[in-house]
Structure formats: C-alpha cells, structure tokens
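# Architecture and fold: a report
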Amino acid sequence: MKPRNARLAAIQMVSGSDVARNLADAALLIAEAVEAGAELVGLPEYFPIIGADDALLAGASEPFGRGKIQDWLRETAALHGVWLLAGSIPLCSDVPERVFNSTLVVDPEGEVRARYDKIHLFSFAAGEEQYNESACILPGQRKIAFDSPFGRIGLSICYDLRFPELYRALAASLPLDLIFLPAAFTRATGRAHWEILVRARAIENQCYLLAAAQGGKHESGRRTYGNSMIIDPWGEVVARRESGQGIALADLDHQRIAEVRQKLPALSHRKGLADGN
C-alpha cells in the first residue's frame, strides 16, 4: 500500500517526579495536537517521569505489557484514534535496579506495534552537572524500524542521535520516511549540538525527523534544552517549540521526500566503505 501524508506533532514537556501529573499534562497536549489535525504524535524521552538523575526510573518501571503507564498509552491512542510514539518509559529488566529506557509505538486501536530499547547510553561530566545512564539503564541490543500507513519509521532515543551509523543501519534494507527521536538533551549539549545533529540526520537520510524533547527547568533543578523540531528531508526546520510545554506541528509530505531524492540522489550514490575500499 502506498504510504500517505500525515500531520505530525512533537510534544514538548517539562516532566517531574509525579507520574499521574505528567500523564495528565501529556493528555492535554495530545488532545491539543489531535484537535489541530495530528495523526501521529510523538512524546519526549522520560515523559512520565524525570528527576535530577536516572535512579528515579527503577521505582516507576513496569513489566513490558502491563502497568499504569502502558495502560494509559493504549487508552489514549484508542481514545483519539491516533498513532502514539511514546517517547520513552522505564521497563523492567532482569538486573536489579537497572531498567530499559524504551519507546513504545501504539496504533489507533491501542495495540503496541513496536518497542525500541535505547542502545547508546549517555555520559557527561561538566563541573557539578554529571550524568551516567549506564548506572541505572541497560542498553538495548536491537535496532528497530517499522512500517506504518505513513511510511517507514526508524526509532531512536536522545543520545542515539550522535551515532549516524545507527540510522544507516535502520535504512539498510529500505529508506526511511521518518526518524523519531524523543530526547532530554541538557542545556549545555543542546546549545552546542542539538540543531546541528537533528538536521544532519534528516539530510543524510533524506527523510523527515520528528524530535520531541523535554524543555525547561524541572522540579529537581535539572534543565533540559527543549527546541522540539520537525525537520524536512532537505534539512529545513518546518516546526519548532523552543521552550516550555507545548507542541510543534508539520505535515509529512511524500512528494517532498521524492523531490529531494530526485534532485540529489545521494542515497543511491552510497558506497560500501566498511572493507576499506
């Protein structure tokens, strides 16, 4: 079936430690996006819970397939008849006090269609600001892309953005139409690299990129960069939410993808360089 165009929404939040409150805030933003015509809605990394560090995640983690966060996701997607790309949630692992940081894709009937566990784990140290995701999170092992009515969608989370080889691997068999990237970039790394990297990944893969971010000062004192964006296949920023809770809206247009790929057929010019030739 030929994929169709769709209105995309990137949800930006400033989540805290209260899961119920975060879900209520997300529900209002999703309803706003759907009212504006969105058919595919992306939530940010850690949308149901975020703290000063990632140790908080273990207490809110759920077994895959059940739990109040996953119930809410299924009910919300079905209520609005929308594809919901559920940022990231903490899912249980077999290792005590360590969880998977996972994106779930829920279809308009409330069925989970894909799961991606974050592969690349963030580490950063600059004065008092320090993060080490591997202390609390287990890395995923599988790259995930899936087919939707709107085309082929590749999944990634935050720090994955710095590893272009992941996206090349996701598009190895078929080109991507959309990359989904939920994030909670720090202010320091966001100011330096965020826009450069999201635009580069869209340009390299000649596809749309939906980046849904945390964006503001959190109750814990943690500060995230925001600037949720939707990027087109030429690398143009077609929608942006700079700071605070809100939405960024834009249309995924398959004619635009085709025009870019015809004008500059870079995907067909790729050479296999892994063997050094």
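Description of the structure in this document. (Residues numbered from 1 in each chain as written. Predicted model: local features only at pLDDT ≥ 70, side-chain atom pairs only at ≥ 80, totals over all residues. Heavy atoms only, no water.)

## Looking at the pattern of salt bridges
Going through the model one piece at a time under the given rule, you end up with twelve salt bridges. Asp147 is the salt-bridge partner of Arg152, the closest N and O atoms lying 3.0 Å from each other. Residue Arg201 pairs with Glu204 through a salt bridge whose shortest N-O separation is 2.8 Å. One end of the pair, Arg201, and the other, Glu204, are both in helix α5 (residues 187–205), three residues apart, so they sit about a helical turn from each other. Connected through shared salt-bridge partners, Glu45, Lys118 and Glu133 make up one network. (Salt bridge = Lys/Arg side-chain N within 4 Å of Asp/Glu carboxyl O. Helix = DSSP H or I, 4+ residues; strand = E, 2+ residues; numbered from the N terminus.)

## Some remarks on the nonpolar core
Membership of the largest hydrophobic core comes to 47 residues, with the highest contact counts inside it found for Leu40, Leu155, Trp194, Val198 and Leu210. In terms of residues, this core owes the most to one element, strand β12 (residues 208–213), which gives six residues. Ignoring anything within four residues of it in the chain, the contact list for Leu155 reads Thr103, Val105, Ala114, Tyr116, Ile144, Phe146, Leu170 and Phe180. (Core = buried A, V, L, I, M, F, W, Y, C linked by side-chain atoms within 4.5 Å. Buried < 20%, exposed > 50% of the residue type's maximum accessible area, 1.4 Å probe, protein only. Contact = heavy atoms within 4.5 Å.)

## Observations concerning the sheet that holds strand β11 (residues 178–183)
The strands making up a sheet are joined through hydrogen bonds of the backbone, oriented either antiparallel or parallel. One open sheet holds the six strands; their spatial order is β9-β10-β11-β12-β13-β14, and the pairing between them is mixed. The sheet terminates laterally at β9 (145–148) and β14 (237–241), the two strands that pair on one side only. On average, each strand axis in the sheet is tilted by 20° relative to the strand beside it, whichever way the strands run. Here strand β10 (residues 151–155) pairs with β11 via three bridges, running parallel. Residue pairing in the sheet places Leu155 in a bridge with Phe180 of β11. (Pairing = 2+ DSSP bridges. Axes fitted to C-alpha atoms, helices over the stretch in contact; angles between N-to-C directions.)

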